[in-house]
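# Structural description and commentary
Listed here are the chains, written in short residue letters.
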Amino acid sequence: MSHENSQHIVVVGTKPDIIKQAPIYHELRERGHDVVLCHTGQHYDHNLSQSMLDEFGVREDVNLEVRGGVNDLVSGITAKLALYLRGFAERGGFPITYVHGDTTTAMAGALATFGERQALVHVEAGLRTLSPKPEVLRGWLEQGADLDWAAFREQSIDRTSWSKGSREPSPEQFNTRVADAGTDLHAAPVELNREFLIEEGFAPAAIDVVGNSVVDALAQAVAGSDKNQVLQKFPQMGDGSFLRFCVHRRENTTNHFRFNLLMDAMEALLEQGHHILFIRLLGTEAAIDNFGRRQWLEDLEARYGDALISTPVWDSYLDVVAAMSMCAVIVTDSGSIVEEANVLEVPCVTLRFGSDRSETFLAGSNFLAPPIDKALMTSVIHNVYEHRKELSWHRVYPEGASRMLVDAVEKRLDEGSLLISEEWRYGLKAQLR
């Protein structure tokens, strides 16, 4: 495999894919590589797909147009992508496929390349959830509304407070594990991800810590964003007091108890005098209707007026970044937003039982509010808000991630191949087919 006959297929399927893969796509093109952008069709609404492609200046070369539930997506993407990749090999090329993170597109992309015996680069590899140890969580629950903030903060940044093994977020933890199993180059965001991969038996030489390309995407977005555009719509955000509240994970939006608890916690925060920017994603909207919360939300909007901004997810990533940077605290069950908050220097609260971006816990930029007790959740969020000006942390994701990732790919091409073989594992010269 060489630079000359290698084709780089950057695969996207979701909004986070486009945001984080676009800088890698541009880096490859700027270095003169033969690059193709392949969209699987997993996300197809304008505000989740085309608007992102437009903002980041990329155009899909092919769209597999796969639709349906999880199993439909997995089978459809695997089959269609495998057929597409096979065409490159039949024409004498060496496809190198790039999948991102923990999406269904990433998992199915790994299945396709593995079946075709082709090279796979897993961008954002090694995402594994850390959750508080049972005794730690029980201690927090016992405190509830009387949470000892100093002790809670100290435990949050202590690695010994956390343990591996969670299957949440689901299916994302399944997806990322499957993708890693078929990967030739694990592009890990931080050293913690490398540790997880090595613990699981992956070859250290197949892992490079290259940072997170979200930093490159954010740099572009911050440069192009205009806070005034947001303030024209929502002038009340100008005082920097708003909590950005969003819930979309399946385990939160399909679980009646959890979702109602999260909504009750949001109402309790409003009752305490907090101002909230409530972002309603597709899963949020479905849960609001499925669990009979539509009238409740309308009543809440009427009762709290300008103190509650309730809005569907926005088309413009530039506006999203501008609004996030103006918020006092970001309260979310998202993974990618946790990364963005760390870089934007806005404190974050995660509404889950753990996080696959646990490096942000250890850095002190992110705190856990598990959806099991309203008093604990509101106490964590309120404390982070009250102590936000004293919080500080080092950015855990360095600049230049796309450059470092492409450097790692080119280094392996210079050495002969990206493909992992038993000969490679033993340091022997492999006979390439």
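Residues numbered from 1 in each chain as written. Predicted model: local features only at pLDDT ≥ 70, side-chain atom pairs only at ≥ 80, totals over all residues. Heavy atoms only, no water.

### Comments concerning helix 6 (residues 149-156)
Those residues of helix 6 lying buried are Trp149, Phe152 and Ser156. Projected down its long axis, helix 6 shows its buried positions confined to an angular sector of 65 degrees, all on one face. Relative to its buried face, helix 6 has exposed residues pointing more than 90 degrees away, namely Ala150 and Glu154. Taken together, the buried residues of helix 6 touch helix 5 (134-143), strand 7 (162-163), helix 17 (359-363), strand 15 (366-368) and helix 18 (374-386). (Buried < 20%, exposed > 50% of the residue type's maximum accessible area, 1.4 Å probe, protein only. Helix = DSSP H or I, 4+ residues; strand = E, 2+ residues; numbered from the N terminus. Arc of directions from axis to C-beta. Contact = heavy atoms within 4.5 Å.)

### Re the domain arrangement of the protein chain
By domain assignment, the protein chain separates into domain 1 (6-128 + 166-211 + 398-426) and domain 2 (131-163 + 225-390). In this structure, domain 1 and domain 2 have C-alpha centres spaced 29 Å apart. Each side of the interface is counted separately: domain 1 has 29 residues, and domain 2 has 23 residues. Regarding the contact of domain 1 and domain 2, the summed buried area is about 2000 Å², with carbon and sulfur atoms giving 45% of it. Our count for the contact surface shared by domain 1 and domain 2 stands at seven salt bridges. Between Arg250 and Glu172 there is a salt bridge whose closest N-O contact spans 3.6 Å. The interface formed by domain 1 and domain 2 includes six residue pairs in polar contact (both at pLDDT 80 or more). Of all the elements in the fold, those that place two or more residues in the side of domain 1 that touches domain 2 are helix 1 (15-30), helix 2 (50-55), helix 7 (172-181) and helix 8 (191-199). For the side of domain 1 that touches domain 2, the class distribution of residues is twelve nonpolar, six polar and eleven charged. (Domains from an automatic or database assignment. Buried area = accessible area lost by both parts, 1.4 Å probe. Salt bridge = Lys/Arg side-chain N within 4 Å of Asp/Glu carboxyl O. Polar contact = N/O pair within 3.5 Å; in protein donor to acceptor, adjacent residues only side chain to side chain. Nonpolar A, V, L, I, M, F, W, Y, C, P; charged D, E, K, R; others polar.)

### Details of the UniProt feature "domain: UDP-N-acetylglucosamine 2-epimerase" (unreviewed entry) in the protein chain
The feature "domain: UDP-N-acetylglucosamine 2-epimerase" (unreviewed entry), as given by UniProt, occupies residues 27-147 and 167-400 in the numbering adopted here. Along residues 167-400, the helical share is 49% and the strand share 14%, with 31 Å between the first and last C-alpha atoms. (UniProt positions renumbered as here; feature names shortened; annotations may be inferred.)

### Observations regarding the packing of helix 9 (residues 214-224) against helix 15 (residues 317-326)
Between helix 9 and helix 15, the shortest axis-to-axis distance is 9 Å and the interhelical angle comes to 90 degrees. With respect to their mutual orientation, helix 9 and helix 15 come out roughly perpendicular. Residues Val214, Ala217, Leu218, Ala221, Val222 and Gly224 of helix 9 form the contact with helix 15, whose participating residues are Tyr317, Leu318 and Val321. Among the residues forming the contact of helix 9 with helix 15, the class breakdown is eight nonpolar, one polar and no charged. (Axes fitted to C-alpha atoms, helices over the stretch in contact; angles between N-to-C directions. Parallel < 35°, antiparallel > 145°, perpendicular 65-115°, else oblique.)

### What about the pattern of salt bridges?
Applying the stated criterion to the full structure yields 30 salt bridges. Put simply, Asp208 and Arg412 hold a salt bridge, and the shortest N to O gap is 3.0 Å. You can see Asp208 sitting in strand 9 (residues 207-209) and its partner Arg412 sitting in helix 19 (residues 401-415), a full 204 residues away along the chain. Between Glu415 and Lys411 there is a salt bridge, with its nearest N and O atoms 2.8 Å apart. Placement of both Glu415 and Lys411 in helix 19 is noted, with a separation of four residues, approximately one turn of the helix. On the basis of relative accessibility, which here comes to 54%, the residue Glu415 falls in the exposed class. Among the residues examined, Lys411 registers a relative accessible area of 46% and is labelled partly exposed. Ionic contacts of the salt-bridge type, sharing partners, join the residues Lys20, Asp102, Glu124, Glu339, Arg352, Asp356 and Arg357 into one network.

### Some points on unusual backbone geometry
Pro169 follows Glu168 through a cis peptide bond whose omega is 0 degrees. Mapped onto the secondary structure, Pro169 falls in the loop between strand 7 and helix 7. With an omega of 10 degrees, the peptide bond between Ser170 and Pro171 qualifies as cis. Topologically, Pro171 is positioned in the loop between strand 7 and helix 7. Of note, the phi angle at Glu65 is positive, near 55 degrees, even though the residue is not glycine. Examined against the element boundaries, Glu65 turns out to sit in the loop between strand 3 (62-63) and helix 3 (70-90). The backbone of Glu345 shows a phi angle near 65 degrees, a positive value even though the residue is not glycine. Mapped onto the elements, Glu345 comes out in the loop between helix 16 (336-344) and strand 14 (348-350). The exposure class of Glu345 is exposed, given its relative accessible area of 61%.

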